[in-house]
Amino acid sequence: MIKIDHLSTSYTTIDGPVHVINDVDFEIYDNEIFGIAGESGCGKTTLLKALYDILDFPLVVDSGKLILSGEKNGQAFSFETGQIRNTWWNHISYVPQAAQSVLNPIVPVKKQFLDSIPKANITKEPKAITMKRISNYLEELSLSPDLLNAYPFQLSGGMRQRVIIALATFMSPNVVLADEPTTALDVVVQRGILMMLMSLQKQLKNTMVIVSHDMGVHYQITDRMGIMYSGSMVELGKTEDIFEKPIHPYTRMLVGALPRVGDKSQKTGIPGRPPALTNPPPGCRFAPRCPKTAEECKKSVPKFREVEKGRFAACHLLNRGECRCQKNYSK
Ligand SMILES: Nc1ncnc2c1ncn2[C@@H]1O[C@H](COP(=O)(O)OP(=O)(O)OP(=O)(O)O)[C@@H](O)[C@H]1O
């Protein structure tokens, strides 16, 4: 499980701190695919970096912490912010954005695989055995072991993405974080990557956290999801509930903008733009774009709270019983 405990982070810039994650507080459970959605620049990648403990200058934690805990091979573990990096690959791994360009193009895949295995694990067995395990693992993922002798520049984008996912999951980490795993791939390859992630999660029975701005990706593979807006979590719940009964006006507009089979009505985007994180409005940050803005929304920040069991949202309208939407999207 990952507990995100009232986490706030900022980037240090010459013009002062840019507050990107603001009092984010939720849990990601064991054995689930959790999605994080939201417009470009809302802080999805920053949150994922914090989950992976890439909290290096200029990104700093202002308050709160993260706890990664669980059990692996019968052994309980618990790591906090600052310690999580000591267990990279073993308990948590990361498929970064634009992962296809993460592999060194002129180093054979085999060497990159071996380099990714923590030293403590690799010295326990002869290299030939490790290589055999890697080959077997690739075969399990329907990838040819011949890939190990290839250089990344010889592989297609989709194949490089599969190799990165294989690398990230080889040590059976409890948590795999994937940032936009299907971006920049054609739809057929995208589907293959999504299927690969889903079947890996079933096989490893671990937790996957998928960041994507593509609501279709969340609809297809996530069990629960969180919607971020301007550095905060505005809604969280089971994916099917988010699509069927969105609560927050932002989620309603996101879901309402999706094309549906048989629906010929013209789709409109969300008017306006998210506020600059350097100069956000007081109160609810969505208020300037919200069709239901009230005076209260302009003055105070709505609390992110449990609205019904397992369902969280941050909206003043909830107090007035107005934040409900008709069933409009079924899974
Ligand atoms: N190193 C940095 N210094 C200052 N600001 C940064 C830095 N990195 C990111 N930011 C700012 O933090 C905000 C959130 O960025 P982040 O990459 O987390 O968003 P995102 O939701 O993942 O966006 P995208 O979907 O486009 O990847 C953006 O406004 C971005 O400009």
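Placed above this text is the structure.
The notes below deal with the structure included here. From a predicted model like this one, the values you see are computed outputs, not experimental measurements.

Right, let's talk about the pattern of salt bridges for a bit. Tallied over the entire structure, the rule returns 8 salt bridges. Among the salt bridges present, the one from Glu-39 reaches Arg-289, with a minimum N-O distance of 3.1 Å. Here Glu-39 is found in the loop between strand S3 (33–37) and helix H1 (44–51), whereas its partner Arg-289 is found in the loop between helix H9 (249–256) and helix H10 (295–299), with 250 residues between them in sequence. Of the residues examined, Glu-39 reaches a relative accessible area of 23% and is grouped as partly exposed. Measuring nitrogen to oxygen at the nearest pair gives 2.6 Å for the salt bridge that ties Arg-311 to Glu-235. Remark: Glu-235 occurs in strand S10 (residues 232–238) and Arg-311 occurs in strand S12 (residues 311–313); sequence separation between them is 76 residues. On the basis of relative accessibility, which here comes to 2%, the residue Arg-311 falls in the buried class. On the basis of relative accessibility, which here comes to 0%, the residue Glu-235 falls in the buried class.

What follows deals with the packing of helix H2 (residues 109–116) against helix H4 (residues 127–140). At their nearest, the axes of H2 and H4 sit 11 Å apart, and the two run at 110 degrees to each other. In terms of axis orientation, H2 runs roughly perpendicular to H4. Residue-level inspection shows Lys-110, Phe-113 and Leu-114 of H2 in contact with H4, the latter providing Lys-127, Thr-130, Met-131, Ile-134 and Leu-138. Grouping the amino acids of the contact of H2 with H4 by side-chain chemistry returns 5 nonpolar, 1 polar and 2 charged.

This paragraph deals with the side chain of Asp-241. Structurally, Asp-241 is set in helix H8 (residues 239–244). Beyond its immediate chain neighbours, meaning those up to four positions away, Asp-241 contacts Pro-246 and Arg-311.

The next thing to look at is the site of the ligand. Neighbouring residues of the ligand: 14 residues in total, closest Ser-40, Gly-41, Lys-44, Thr-45 and Thr-46. One of the backbone N or O atoms of Cys-42 is found 3.1 Å from an oxygen atom in the ligand. Every element with two or more residues in the shell around the ligand is listed here: strand S1 (2–13) and H1. By residue number, the principal contributor to the shell around the ligand is H1, which donates 3 residues. Grouping the amino acids of the shell around the ligand by side-chain chemistry returns 5 nonpolar, 7 polar and 2 charged.

Procedures and definitions
Residues numbered from 1 in each chain as written. Predicted model: local features only at pLDDT ≥ 70, side-chain atom pairs only at ≥ 80, totals over all residues. Heavy atoms only, no water. Salt bridge = Lys/Arg side-chain N within 4 Å of Asp/Glu carboxyl O. Helix = DSSP H or I, 4+ residues; strand = E, 2+ residues; numbered from the N terminus. Buried < 20%, exposed > 50% of the residue type's maximum accessible area, 1.4 Å probe, protein only. Axes fitted to C-alpha atoms, helices over the stretch in contact; angles between N-to-C directions. Parallel < 35°, antiparallel > 145°, perpendicular 65-115°, else oblique. Contact = heavy atoms within 4.5 Å. Nonpolar A, V, L, I, M, F, W, Y, C, P; charged D, E, K, R; others polar. Near = heavy atom within 4 Å. Polar contact = N/O pair within 3.5 Å; in protein donor to acceptor, adjacent residues only side chain to side chain.

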